[in-house]
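# Commentary on secondary and tertiary structure
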Amino acid sequence: MKKIYSDKILNVLNTDLFDNRFLFDVLYDYTNQDVEVIYMSDLLEARKNNEILEKVADKPAMYSNVYSPEDELEIFTELFNQAIKNNKKIHIIWVTLDEEIKILEEYYTSMGFMREDINCFDPDFSQVLVTVSVKIENLMWKWSDYKAMRNKIFFNPPIRESGQVKAMFKWINRWVVAGIYISDFSQDVDNFLSNCVIQENILSMTFAKVLYYNLYGIWFIGTKKELIVNY
């Protein structure tokens, strides 16, 4: 078994050198007294569109607009602008939109964190005012899954269209997204992580960063869990 760090991969002592298992650290339920952690779902709930909710039994894909992307972007933009204006550190959990991460991209570029040599960002997350995490379910599922999954994936924030899901992968791999938020360590999550590693949708050391090391770099403290992924 191999332990995945942010910058290296080492074999775990007394384990088979040639087995197909990766060991990751995961940080969840995290806090920092100097960083306000904001859950997008709490703010979106106040804007829940009950008229659309009544229609999702017949048209489950409409659930994506029960919590509209326009409302989410408006909330994010206001939070971002207030944080910059007030020099306040915030971490927003459960962003789902490419437009939100592009705001961060411009911000991180202005701070000199864009590396032209690798066409990625290398932010010091302890120094920026705004960081974000993506909920793992918003990577696992996409808009077209509503037909088959129905209320099993009626989350807040909701599952967005395929283009938005692809954008979340893009910004994780470009190192703009600080974390992936996992609240339910289910078999579906294990399968998803394994497939990501096998298909190299997200590289293993990038996973290590967004599951633990980036959050540790923001000086978050919380519950640490070991996660074994088969590949």
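Moving on: the nonpolar core. One finds I92, L104, Y108, I180 and F207 to be the most contacted residues of the largest nonpolar core, which totals 74 residues. In this structure, L104 is in contact with F76, F80, V130, V132 and V176, ignoring residues within four places of it in sequence.

With that settled, consider the sheet that holds strand β5 (residues 90-93). One open sheet accounts for four strands, arranged β4-β5-β8-β9; its pairing is parallel. Since the sheet does not close on itself, it has two edges, and those belong to β4 (36-39) and β9 (179-181), each with one partner. Taking each pair of neighbouring strands and ignoring which way they run, the sheet shows an average axis angle of 25 degrees. With three bridges joining them, strand β8 (residues 130-135) and β9 adopt parallel strand pairing. The residue bridging S133 from the neighbouring strand is G179, located in β9. Taken strand by strand, helix α9 (residues 204-217) contacts β5, β8 and β9, and its axis lies near 95 degrees from that of β9.

Generally, phi is negative for residues other than glycine and the peptide bonds are trans, each holding for most cases. Backbone torsion omega between N156 and P157 reads -5 degrees, so that peptide bond is classified as cis. Along the polypeptide, P157 turns up in the loop between α6 (146-149) and α7 (162-173). Even without being a glycine, N14 presents a positive backbone phi close to 65 degrees. With respect to the helices and strands, the residue N14 is situated in the loop between β2 (9-11) and β3 (21-31).

Moving on: the environment of Y212. Tracing the backbone through its elements, the reader meets Y212 in helix α9. Using a relative accessible area of 11% as the deciding quantity, one classes Y212 as buried. C-alpha of Y212 to C-alpha of L13: the two residues are 199 residues apart in sequence and 21 Å apart in space. Not counting residues up to four positions away in its chain, the partners in contact with Y212 are D25, V26, L27 and K224.

As summarised here, the arrangement of the four strands in space is β2-β1-β3-β10, forming an open sheet in which the pairing is mixed. Only two strands of the sheet have a single neighbouring strand rather than two, namely β2 and β10 (221-230). For this sheet the average axis-to-axis angle between neighbouring strands, irrespective of direction, equals 30 degrees. Sheet topology places β3 next to β10; nine bridges connect them, and they run antiparallel.

Any two aromatic rings considered together are summarised by their centre-to-centre distance and by the angle between their planes. Inspection of the entire model under this criterion finds 21 aromatic pairs. Ring geometry for Y146 against F154: centres 6.0 Å apart, planes inclined by 45 degrees, an arrangement best described as tilted. Through a chain of ring-to-ring contacts, three or more aromatic side chains come together here, namely Y30, Y39, W94, Y181 and F220. Over the face of the ring belonging to F185 we find K225, whose NZ or CZ atom lies 4.9 Å from the ring centre.

Conventions adopted
For every chain, the first residue of the written sequence is number 1, and numbering continues from 1 along that sequence. In keeping with the model being predicted, local features are shown solely for residues with a pLDDT of at least 70 and side-chain atom pairs are shown and tallied solely at 80 or more, while totals for entire chains, interfaces and linings include all residues. Note: side-chain values were computed over all heavy atoms of the structure, leaving out hydrogens and water. For our purposes a nonpolar core is just a set of buried Ala, Val, Leu, Ile, Met, Phe, Trp, Tyr and Cys residues, chained together by side-chain atoms within 4.5 Å. Relative accessibility thresholds used throughout: buried, under 20% of the residue-type maximum; exposed, over 50%; partly exposed, between the two (1.4 Å probe, protein chains only). Contact criterion: two residues are considered in contact whenever any of their non-hydrogen atoms come within 4.5 Å of each other. Between any two strands, pairing holds if DSSP finds at least two bridges. Strands are runs of DSSP state E lasting at least 2 residues, helices are runs of H or I lasting at least 4, and numbering of each runs from the N terminus. Each axis is a line fitted through C-alpha atoms, and for a helix only the stretch in contact is used; angles between axes span 0 to 180 degrees, taken between their N-to-C directions. Aromatic rings from Phe, Tyr and Trp, with only the six-membered ring used for Trp, were paired whenever their centres fell within 6.5 Å, and each pair was classed as stacked if the ring planes differed by under 30 degrees, edge-to-face if by over 60, and tilted otherwise. Counted as over-ring charges are cases with an Arg CZ or a Lys NZ within 6 Å of the ring centre that also lie within 35 degrees of the ring normal.

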